[in-house]
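Single-letter residue listing:
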Amino acid sequence: WRYRSSLIFALGNGLEVMTYVYPHLFLVLATMANSLKQMSFLTSTSTRNALYNSFRDGTRENIGDITAKGEAQIAIVDLMGIISGVCLSRAIGTSVRS
């Protein structure tokens, strides 16, 4: 479910990009994109605890430590994605033609 959640989120992001290509369908595409992204968040957060529990080694591991490390990794990857997006937009250019 976690993998499917990522695919749904990517599809939602793709629909957001399509709003620039088809501005006359903005409302429909933006609604669908936000709906898909919210479904992705719901699926992702509901399966996250089960995934983190699978990393426990018996009773020695503290689930709070595992969760904190997982959330820190998510924050780092999100930040790296933003940085790479900014660098890519600077390299490609950001001019919009009507």
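Look above for the structure.
Overview of the structure. (Residues numbered from 1 in each chain as written. Predicted model: local features only at pLDDT ≥ 70, side-chain atom pairs only at ≥ 80, totals over all residues. Heavy atoms only, no water.)

**Some remarks on the overall build of the protein chain**
- Scanning the protein chain for helices and strands turns up three helices and zero strands.
- Radius of gyration (C-alpha) of the protein chain: 18 Å, far over the 13 Å computed for a compact globule of 98 residues.
- A principal-axis box enclosing the C-alpha atoms of the protein chain has dimensions of 60 × 30 × 15 Å.
- Sequence-distant contacts, at least 24 apart, represent 44% of the contacts inside the protein chain between residues at least 6 apart. (Helix = DSSP H or I, 4+ residues; strand = E, 2+ residues; numbered from the N terminus. Rg over C-alpha atoms; globule rule 2.2 N^0.38 Å. Contact = heavy atoms within 4.5 Å.)

**A closer look at the pattern of salt bridges**
- For the coordinates displayed, the defined rule picks out one salt bridge.
- Between lysine 37 and glutamate 16 there is a salt bridge, with its nearest N and O atoms 3.0 Å apart. Of this pair, lysine 37 sits in helix H2 (residues 26-53) while glutamate 16 sits in helix H1 (residues 2-21), and the two are 21 residues apart along the sequence.
- Residue classification places lysine 37 among the buried positions, given a relative accessible area of 14%.
- Looking at glutamate 16, the relative accessible area reads 29%, which means it is partly exposed. (Salt bridge = Lys/Arg side-chain N within 4 Å of Asp/Glu carboxyl O. Buried < 20%, exposed > 50% of the residue type's maximum accessible area, 1.4 Å probe, protein only.)

**Comments concerning the layout of surface pockets**
- Reported here for the largest pocket is a volume of approximately 360 Å³.
- By residue class, the composition of the lining of the largest pocket is four nonpolar, seven polar and three charged.
- Estimates place the volume of the second largest pocket at around 180 Å³.
- Contributing to the lining of the second largest pocket are Arg2, Leu51, Tyr52, Phe55, Ile66, Lys69, Gly70, Gln73 and Ile74.
- When residues of the lining of the second largest pocket are traced back to their parent elements, those giving at least two are H2 and helix H3 (63-92).
- No other element matches the five residues that H3 contributes to the lining of the second largest pocket.
- By residue class, the composition of the lining of the second largest pocket is five nonpolar, two polar and two charged. (1 Å grid on protein atoms, 1.4 Å probe; cavity = no way out; pocket = protein on both sides within 12 Å on 5 of 7 lines; lining within 4 Å. Points joined across faces, edges and corners; volume = space filled by probe spheres on them. Nonpolar A, V, L, I, M, F, W, Y, C, P; charged D, E, K, R; others polar.)

**Overview of the packing of aromatic side chains**
- Here the structure, examined in full by the defined rule, presents one aromatic pair.
- Ring geometry for phenylalanine 9 versus phenylalanine 41: centroids 5.4 Å apart, planes at 50°, classification tilted. Of this pair, phenylalanine 9 sits in helix H1 while phenylalanine 41 sits in helix H2, and the two are 32 residues apart along the sequence. (Phe/Tyr/Trp six-rings, centres within 6.5 Å; stacked < 30°, edge-to-face > 60°.)

**So, H1**
- Taking 1.5 Å of rise per residue, the 20 residues of H1 would be expected to cover 28 Å, and the 29 Å separating its terminal C-alpha atoms lies within 8% of that figure.
- Of the residues making up H1, those classed as buried are Ser5, Gly12, Leu15 and Thr19. The buried residues of H1 occupy an angular sector of 75° when the element is viewed end-on, so they sit on one face. Across H1 from its buried face, at more than 90 degrees, point the exposed residues Tyr3, Val17 and Tyr20.
- Contacts made by the buried residues of H1 are with H2. (Expected span 1.5 Å × (residues − 1). Arc of directions from axis to C-beta.)

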